[in-house]
Amino acid sequence: MSGLTSGRVFNVQRYSLHDGPGIRTTVFLKGCPARCLWCHNPESQSFGPEVVRVDSRCIECGTCQEVCPHGAPDPGSGVCTACGACIEACPAGAREMVGRETTVDEVMAEVLRDRVFFQESGGGVTFSGGEPLAQLRFLRALLEAARGHDLHTAVDTCGFGPREEILGLVPLVDLFLFDLKLADDARHREFTGLPTEPILENLQALSRAHRSLWIRVPIIPGHTDGEADLAALAEIVAGLSGVRRVSLLPYHRTGVDKARRLGRPSSLQSLAPPSPERMEALAVVFRERGLQVSLGA
Ligand code: SF4
Ligand code: SF4
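Residues numbered from 1 in each chain as written. Chains lettered and ligands numbered in written order. Predicted model: local features only at pLDDT ≥ 70, side-chain atom pairs only at ≥ 80, totals over all residues. Heavy atoms only, no water.

K.L.:
Please set out the packing of aromatic side chains residue by residue, giving values where relevant.
P.N.:
A full pass over the atoms with the stated rule returns three aromatic pairs. On the numbers, 5.5 Å between centres and 50 degrees between planes, the contact of Phe10 with Phe28 is tilted. Note that Phe10 is positioned in strand 1 (residues 6-16) and Phe28 in strand 2 (residues 24-29), a separation of 18 residues in sequence. Phe28 matches Phe10 in its accessibility class, with the two residues each being buried. Between Tyr15 and Phe117 the ring centres are 5.6 Å apart and the planes differ by 80 degrees, which places this aromatic pair in the edge-to-face class. With a gap of 102 residues between them, Tyr15 in strand 1 and Phe117 in helix 4 (residues 115-121) connect regions that are remote in the sequence. Residue Tyr15 is classed as partly exposed on the basis of its relative accessible area of 45%. With a relative accessible area of 30%, Phe117 lands in the partly exposed category. (Phe/Tyr/Trp six-rings, centres within 6.5 Å; stacked < 30°, edge-to-face > 60°. Helix = DSSP H or I, 4+ residues; strand = E, 2+ residues; numbered from the N terminus. Buried < 20%, exposed > 50% of the residue type's maximum accessible area, 1.4 Å probe, protein only.)

This is the structure in structure tokens:
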């Protein structure tokens, strides 16, 4: 595939320490089939570019309303066409575009800036999202390019996608970070918008085909933190080969603020993160089944 293959990216984060071993650059692909209530990157969900407004910077000058053909509608109104005119005109930098079309060559040029850190730390590049599997052609081209530069590669996925295509990526990926939320199908659908069965079947297939999986479980109070629910996940994970560790990720509130900037009210407005003691107690559910557990990464 060509270095000119293009796709949509909304962030490239350098010096990442939590998306695989060593120092990494994490490339966030835009667009996701899931709608997790607790999503900490709500700006990643839609496939197209979006305009956000940072209210704390706005000086209420009204310039955006003058330049916008639609009167600068509120983010999330569905009226904005993401033309970018208001971003150019805003004197306070209060409007930002999230998401851009870019090529494999452009992404790799950014990633390779930190190659020396990857080599010294045992790091590499991680492709995350959004859901990177939702842009399979672009993801494959990125992985091939990273392989061509001999970089350690990781893919962070919710596991929802066509099985044969996922398995086709196995030779290009050194580590899969596989997110698991709930085994219960009804509540998985309610909280994420996706069925659980194809995800668990993909996990089973991937664990047979790949020797290096990290499972990541978001701990969302009142949603995914029931001990019976976690025991059900732990039973599934303990039965897989290839799982190197389980990370329990405590809920944090950054997604709430981001959702507000996008004009999307969050139903978890007042939800507090779990305490360190609660996280430790939940880790036991996995550890007592022989799994290596880390908290927060
Ligand atoms: S991006 Fe364009 S359409 Fe959207 S609010 Fe700004 S000027 Fe209006
Ligand atoms: S142009 Fe910028 S600073 Fe002025 S009202 Fe619009 S968002 Fe606020």
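K.L.:
Please provide a residue-by-residue account of the domain arrangement of the protein, values included.
P.N.:
When the domains of the protein are assigned, the result is domain 1 (6-47 + 99-295) and domain 2 (50-98). Here the C-alpha centre of domain 2 lies 31 Å away from the C-alpha centre of domain 1. Across the domain 1/domain 2 interface, buried area totals approximately 750 Å², and carbon plus sulfur atoms make up 51% of it. If you sort the residues of domain 1 by the area they bury against domain 2, Gly99, Arg261 and Leu262 come out on top, with a joint share of 67%. Run the count over domain 1 and domain 2 and you get one salt bridge. (Domains from an automatic or database assignment. Buried area = accessible area lost by both parts, 1.4 Å probe. Salt bridge = Lys/Arg side-chain N within 4 Å of Asp/Glu carboxyl O.)

K.L.:
Give me the lowdown on the state of the cysteines, citing residues and values where you can.
P.N.:
Scanning the entire structure with this criterion turns up zero disulfides. This cysteine, Cys39, is not joined by any disulfide, and Cys36 carries the nearest cysteine sulfur, 6.3 Å off. (Disulfide = S-S within 2.5 Å.)

K.L.:
Explain the site of ligand 1 to me, using residue names and the numbers behind them.
P.N.:
Lining the immediate surroundings of ligand 1 are 13 residues, of which Cys68, Cys80, Cys83, Gly84 and Cys86 lie closest. Among the cavities detected, the one that contains ligand 1 is the largest cavity. (Near = heavy atom within 4 Å. 1 Å grid on protein atoms, 1.4 Å probe; cavity = no way out; pocket = protein on both sides within 12 Å on 5 of 7 lines; lining within 4 Å. Sits in = over half its atoms within 2 Å of the grid points.)

K.L.:
Lay out the environment of Ala92 in plain terms, naming residues and giving numbers.
P.N.:
One can find Ala92 in the loop between helix 2 (85-89) and strand 4 (95-98). Separated by 31 residues in sequence, Ala92 and Cys61 have C-alpha atoms that sit 9.1 Å apart. Excluding its chain neighbours within four sequence positions, the residues that come into contact with Ala92 are Arg57 and Ile59. (Contact = heavy atoms within 4.5 Å.)

K.L.:
So what's going on with helix 7 (residues 185-192)? Which residues, and what values?
P.N.:
Among the residues of helix 7, those classed as buried are His188, Phe191 and Thr192. All buried residues of helix 7 project into a common sector of 80 degrees when viewed along the axis, lining one side. Turned more than 90 degrees off the buried face of helix 7, the exposed positions are Ala186 and Glu190. For helix 7, the elements touching its buried residues are helix 8 (197-209). The opening residue of helix 7, the one whose side-chain oxygen lies 3.3 Å from the backbone nitrogen of Ala186, is Asp184. Positive phi shows up at Gly193, right after helix 7, with a value of about 85 degrees. (Arc of directions from axis to C-beta. Polar contact = N/O pair within 3.5 Å; in protein donor to acceptor, adjacent residues only side chain to side chain.)

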